[in-house]
Amino acid sequence: MPSIHFVERIGNTWKVPNPTMQHEYESGYWVVGEETAQKLVGGDLYLHDRQNEPSRFGGKILGYRVHKGGTEDGRVIFRFQATSNHRDLKTPREGWGNEKKIVW
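Rules behind the numbers
Residues numbered from 1 in each chain as written. Predicted model: local features only at pLDDT ≥ 70, side-chain atom pairs only at ≥ 80, totals over all residues. Heavy atoms only, no water. Helix = DSSP H or I, 4+ residues; strand = E, 2+ residues; numbered from the N terminus. Rg over C-alpha atoms; globule rule 2.2 N^0.38 Å. Buried < 20%, exposed > 50% of the residue type's maximum accessible area, 1.4 Å probe, protein only. Contact = heavy atoms within 4.5 Å. Areas by Shrake-Rupley, 256 points an atom, 1.4 Å probe, with all protein chains shown as cover. Lys, Arg positive; Asp, Glu negative; His and termini not counted. Charge placed at Lys NZ, Arg CZ, Asp CG, Glu CD. Phe/Tyr/Trp six-rings, centres within 6.5 Å; stacked < 30°, edge-to-face > 60°. Core = buried A, V, L, I, M, F, W, Y, C linked by side-chain atoms within 4.5 Å. Pairing = 2+ DSSP bridges.

Draft legend 1. Representation of the overall build of the chain in the model. If you tally the helices and strands in the chain, you get one helix and seven strands. Each helix and strand of the chain, ordered N terminal to C terminal, gives the series β-β-β-α-β-β-β-β. In terms of C-alpha radius of gyration, the chain reaches 13 Å, essentially the compact-globule figure of 13 Å for 104 residues. Seen through its principal axes, the chain has C-alpha atoms that stretch 35 × 30 × 25 Å. Of all 104 residues assigned to the chain, the portion counted as buried reaches 38%. Long-range pairs, those at least 24 residues apart, make up 64% of the contacts in the chain between residues at least 6 apart in sequence. Put simply, the chain shows about 6100 Å² of open surface, and 47% of that area lies on carbon and sulfur atoms. Distance from the positive charge centre (15 side chains) to the negative charge centre (13 side chains) of the chain: 2 Å.

This is the structure in structure tokens:
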């Protein structure tokens, strides 16, 4: 199952109002191609404070949308169901670039 790891320092993660599932969140304004985002649906999303630290939050990716307008135009927002299994995961340093890492 694919996964994506982000260094998330500016608080662009929020709880979805009136979610279809419990513990549903969005995290956004990521520079990810739409084809890549599509392939990640059903995979895992992990948020880290730093590359060399364990994840502090994350979940199973339910879907995504591409933001329209403003300075974040064209950036991806992932929707995910948060789980405790997505906390405290440390990933090897190899593969990080531009504060993201994709594992296929």
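Right, picking up where we left off after that structure.
Draft legend 2. The arrangement of the packing of aromatic side chains in detail. If you walk through the whole model with that rule in mind, you get six aromatic pairs. With a centroid separation of 3.7 Å and 15° between ring planes, the pair formed by phenylalanine 6 and tryptophan 30 is classed as stacked. Here the residue phenylalanine 6 occupies a position in strand 1 (residues 3–7), and tryptophan 30 occupies one in strand 3 (residues 24–30), the gap between them amounting to 24 residues. For tryptophan 30, a relative accessible area of 12% puts it in the buried group.

Draft legend 3. Representation of unusual backbone geometry within the structure. One non-glycine residue with positive phi stands out, namely histidine 23, at about 60°. Among the structural elements, histidine 23 can be located in the loop between strand 2 (13–15) and strand 3. With relative accessibility at 43%, the residue histidine 23 sits in the partly exposed group. Here the phi dihedral of glutamate 99 falls at roughly 60°; this positive angle occurs in a residue that is not glycine. Turning to its location among the elements, glutamate 99 is positioned in the loop between strand 6 (76–82) and strand 7 (100–103). A relative accessible area of 32% places glutamate 99 in the partly exposed class.

Draft legend 4. Region of the structure containing the nonpolar core. With 15 residues, the main nonpolar core has Ile4, Phe6, Val32, Leu45 and Phe78 as its most contacted residues. Contributing elements (two or more residues each) for this core: strand 1, strand 3, helix 1 (34–40), strand 4 (44–48), strand 5 (57–66) and strand 6. Per-element accounting of this core gives the leading share, four residues, to strand 6.

Draft legend 5. Representation of the pairing of strand 5 within the structure. Here strand 4 pairs with strand 5 via four bridges, running antiparallel. Within strand 5, the position partnered with aspartate 44 by the bridge is lysine 60. With seven bridges connecting them, strand 5 and strand 6 associate as antiparallel partners. Its bridge partner being in strand 6, arginine 65 is matched across the sheet by isoleucine 77.

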